[in-house]
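A structural walkthrough
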Amino acid sequence: MGSPYGTGEVGEVLGEDEYVCTLPTEVRKIASRDLAEDDATRSVALQHMRNFVTRNPAITKCRLDGNFLLRFLRMKKFRLQQSQELLVKYLMMRRDHPQWFTGLDVRDPHIDALIDTGYFFALPERDDSGRRVFLNVAGKMDPTRFNTSHQIRSMQVGCESLLEDEENQVRGFTYIFDEKDVGLAILTLWSPSDVAKVFSCCEKSIPMRHKEIHIVNLPTALHAIFEFAKTLLSDKIKNRFQIHSDEAKLRKSVPVRILPKEYGGTIPMAEMI
């Protein structure tokens, strides 16, 4: 397996902590119902995860704090072996694809500039299911200025940041992908092999519960590419896609109150960013 990494080079926490659950009462109930999580199960599982990491000679760098390890346990509903396997996949993903999954610093000029365009950011308010929502406006990306590394790292900065909030680990995430103005210049940055690798990493290696995925303004020319991309995903994830022909259709599925002004809400996108 080589030398896997933790979650980032800046301010990385490597030691154990005395975990204290920060989940509100309502979210604890969701965790109990959906993830089979309670105080006793959590305590035992965390100790098993720490033992797994410290006794595995192939793992040379990994966070041991409860916040980090719980995201793998929650993703796999406290099935211990699967949680450990997911952790290993995550560490290997970062080792094997450093151009996409390391250097996650929002102060990086390219990442900062790309987020500022509206390419990928988290909406300030939660949706009606209490989930945080990511908006990706793909057409905002200038292919002469940014490459695939900038794209994925800007997304992963948002994902890693929001995963630090335990409530998000339990509730999961909603995504809105606006494909308007996505042209050939953007698409040709990606080889079919890279698309397959990224899709595999996002579903199988990152400890995030993907609950709703909304695609809006998908150009006719991209339908075939979209159908190919879906074949790379599990049936569970495929069934969570919702396709909307325009913003009006999107607003029937996503509460208007959380959307930027440009999509029918009240707060301009630039202010949200």
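Residues numbered from 1 in each chain as written. Predicted model: local features only at pLDDT ≥ 70, side-chain atom pairs only at ≥ 80, totals over all residues. Heavy atoms only, no water.

The protein chain is annotated in an unreviewed UniProt entry as CRAL-TRIO domain-containing protein of Cherax quadricarinatus.

1. Topic: unusual backbone geometry
You will see that Phe78, though not glycine, has its phi angle at about 65°, which is positive. Within the secondary structure, Phe78 is located in the loop between α3 (66-75) and α4 (80-96). Residue Phe78 is classed as buried on the basis of its relative accessible area, which comes to 12%. One non-glycine residue, Asp181, adopts positive backbone phi at about 65°. When you line up the elements, Asp181 lands in the loop between β3 (173-178) and α9 (184-187). (Helix = DSSP H or I, 4+ residues; strand = E, 2+ residues; numbered from the N terminus. Buried < 20%, exposed > 50% of the residue type's maximum accessible area, 1.4 Å probe, protein only.)

2. Let's talk about the pattern of salt bridges
With the rule as written, the count across this model stands at 20 salt bridges. Here Glu212 makes a salt bridge to Arg131, at a shortest N to O gap of 3.3 Å. Of this pair, Glu212 sits in strand β4 (residues 210-216) while Arg131 sits in the loop between β1 (120-122) and β2 (132-137); the two residues are 81 residues apart in sequence, bridging distant segments of the chain. Overall, the relative accessible area of 12% leaves Arg131 in the buried class. Sharing partners across several salt bridges, the network here consists of Arg28, Glu37, Asp39, Arg42, Arg74 and Glu166. (Salt bridge = Lys/Arg side-chain N within 4 Å of Asp/Glu carboxyl O.)

3. Structural notes on helix α7 (residues 148-163)
Relative to the 22 Å expected for 16 residues at 1.5 Å per residue, α7 spans 22 Å between its end C-alpha atoms, a close match to the ideal helical length. Of all 16 residues in α7, 15 are buried; the element is thus mostly enclosed. The distance from a side-chain oxygen at the start of α7 to the backbone nitrogen of Ser149 is 3.0 Å, and the residue carrying that oxygen is Asn147. (Expected span 1.5 Å × (residues − 1). Polar contact = N/O pair within 3.5 Å; in protein donor to acceptor, adjacent residues only side chain to side chain.)

4. Some words on the packing of helix α6 (residues 109-117) against α7
Running from N to C, α6 and α7 point in directions that differ by 75°, and their axes come no closer than 9 Å. On the basis of their axis angle, the class for α6 and α7 is roughly perpendicular. Here α6 contributes His110, Ile111, Leu114 and Ile115 to the contact with α7, which in turn contributes His150, Gln151, Arg153, Ser154 and Val157. Across the contact of α6 with α7, the residue classes break down as 4 nonpolar, 4 polar and 1 charged. (Axes fitted to C-alpha atoms, helices over the stretch in contact; angles between N-to-C directions. Parallel < 35°, antiparallel > 145°, perpendicular 65-115°, else oblique. Contact = heavy atoms within 4.5 Å. Nonpolar A, V, L, I, M, F, W, Y, C, P; charged D, E, K, R; others polar.)

5. Observations regarding the packing of aromatic side chains
The full count for this structure, using the stated rule, is 10 aromatic pairs. Relative to Phe241, the ring of Phe226 lies with its centre 5.6 Å away and its plane at 75°, an arrangement referred to as edge-to-face. Note that Phe226 is positioned in helix α11 (residues 223-230) and Phe241 in strand β5 (residues 241-244), a separation of 15 residues in sequence. Across the pair, Phe241 and Phe226 agree in class, each one buried. (Phe/Tyr/Trp six-rings, centres within 6.5 Å; stacked < 30°, edge-to-face > 60°.)

6. Concerning the sheet that holds β4
Across the sheet, which stays open at both edges, the 5 strands sit in the order β1-β2-β3-β4-β5 with mixed pairing between neighbours. Edge positions in the open sheet fall to β1 and β5, since each of these has one partner strand only. Direction aside, neighbouring strands of the sheet carry axes that sit 20° apart on average. Examined bridge by bridge, β2 and β3 share 6 bridges and lie parallel to one another. (Pairing = 2+ DSSP bridges.)

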